[in-house]
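What the coordinates show
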Amino acid sequence: QVQLVESGGGLVQSGGSLRLSCTASGSISFIANMGWYRQTPGKERELVARLRRDGPEDYAHSVKGRFTIFRDNAKNTAYLQMNSLKPEDTAVYYCNAQIVPAGTNTVKDYWGQGTQVTVST
C-alpha cells in the first residue's frame, strides 16, 4: 500500500525557516508530480508548490521567492524549503503525489496526513 509520510512542521518566528519533507513508501512503479498544499480553517486547500518528475516547478504567487520545492527521486522524497516565513503562512501543509503503484498502469492521487506549520509574530 502506498503512503505519503510528512515531517518537518512546527512553530517558528516570523522571518524564520522550516523544511518539510514527504516520503512516498510502498510498492511504487513511478512517481509523477509531487507537491505541497496548505489549508486554514474555513478555507479551501490551496496549492503551494508542485514539481513534476523532470519538469518545471509551479508556485503560488504568495510564496514565490521564499519557498523552494525539490525532489530526491532516488529516495521518493519531496522537500519544501520555506524561508522568510510570515504569520499568513500558518496552515496545515499537505503533501500530494500522483503515483503509479507497482503492478498497475493507473496513476492514483495520494495525500499525506498533514503537518502543522505555525508562524508567530
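The structure this text deals with has already been given above.
The paragraphs below set out a description of the structure included in this document. Bear in mind that the values here come from a model prediction, so they are computed numbers and not experimental data.

Some details on the environment of R38
- You can see R38 is positioned in strand β4 (residues 28–39).
- Considering only alpha carbons, one finds R38 and P87, 49 residues apart in sequence, at a separation of 14 Å.
- Filtering out sequence-adjacent residues up to four positions away, R38 remains in contact with E44, R45, E46, V48, S62, V63, F67, E88, D89, A91, V92 and Y93.
- At 2.9 Å, the side chain of R38 forms a polar contact with the side chain of Y93.

Topic: the nonpolar core
- W36, L80, M82 and Y93 are the most contacted members of the largest nonpolar core, which totals 30 residues.
- Elements with a minimum of two residues in this core: β3 (18–25), β4, β5 (46–51), β7 (67–72), β8 (77–82), β9 (91–101) and β11 (115–120).
- If you tally residues by element for this core, the top one is β9, at five residues.

Some details on the environment of V92
- Assignment of secondary structure puts V92 in strand β9.
- Sequence separation between V92 and Q39 is 53 residues; the distance between their C-alpha atoms is 5.4 Å.
- Not counting residues within four places of it along the chain, the set of residues in contact with V92 comprises Y37, R38, Q39, G114, T115 and Q116.

Overview of unusual backbone geometry
- For N76, which is not a glycine, the phi torsion comes out positive at approximately 50°.
- Looking at the element boundaries, N76 is found in the loop between β7 and β8.
- Of note in the backbone geometry, S84 takes a positive phi value of approximately 50° without being a glycine.
- Judged by its relative accessible area of 42%, S84 is partly exposed.

Some remarks on the sheet that holds strand β1 (residues 3–7)
- Spatial strand order, β1-β3-β8-β7: four strands in an open sheet with antiparallel pairing. The two strands at the open ends of the sheet, each matched to only one other strand, are β1 and β7. The mean inter-strand angle of the sheet, taken between neighbouring strand axes irrespective of direction, is 15°.
- As judged from the six bridges shared by β7 and β8, these two strands associate in the antiparallel manner. The residue bridging I69 from the neighbouring strand is L80, located in β8.

With respect to the pattern of salt bridges
- A complete count under the given rule lists five salt bridges for this structure.
- Put simply, D89 and R38 hold a salt bridge, and the shortest N to O gap is 3.0 Å. One end of the pair, D89, is in the loop between β8 and β9; the other, R38, is in strand β4, with 51 residues separating them in the sequence. Like R38, D89 is buried.
- In this structure, D58 and R50 form a salt bridge, with 3.3 Å as the shortest nitrogen-oxygen distance.
- Judged by relative accessible area, D58 falls into the partly exposed class, the value being 22%.
- Residue R50 is classed as partly exposed on the basis of its relative accessible area, which comes to 25%.
- Connected through shared salt-bridge partners, R38, E46, R66 and D89 make up one network.

The rules behind the values
Numbers given to residues run from 1 along each chain, matching the order in which its sequence is written. The predicted nature of this model means local features are confined to residues of pLDDT at least 70 and side-chain atom pairs, given and counted, to a pLDDT of 80 or more, with totals for whole chains, interfaces and linings taken over all residues. Each side-chain value is derived from all of the structure's non-hydrogen atoms; neither hydrogens nor water enter the calculation. Comment: elements are numbered from the N terminus, with helices defined as DSSP H or I runs of at least four residues and strands as E runs of at least two. Note on contacts: a residue pair is in contact if any heavy atoms of the two residues lie within 4.5 Å. Within 3.5 Å is the distance limit for a polar contact, defined as a pair of N or O atoms, with the added protein rule that one can donate a hydrogen and the other accept it, and that residues adjacent in sequence qualify only through two side-chain atoms. For our purposes a nonpolar core is just a set of buried Ala, Val, Leu, Ile, Met, Phe, Trp, Tyr and Cys residues, chained together by side-chain atoms within 4.5 Å. Here's how the labels work: a residue is buried when its accessible area is under 20% of the maximum for its type, exposed when over 50%, partly exposed in between, all with a 1.4 Å probe on protein chains only. Strands are labelled as partners when DSSP assigns at least two bridges between them. Helix axes use the C-alpha atoms of the stretch in contact, all axes being lines fitted to C-alpha atoms, and the angles between their N-to-C directions lie in the range 0 to 180 degrees. Salt bridges are identified by distance alone: a Lys or Arg side-chain nitrogen within 4 Å of an Asp or Glu carboxyl oxygen.

Remember, this is a structural readout, not a statement about activity or role.
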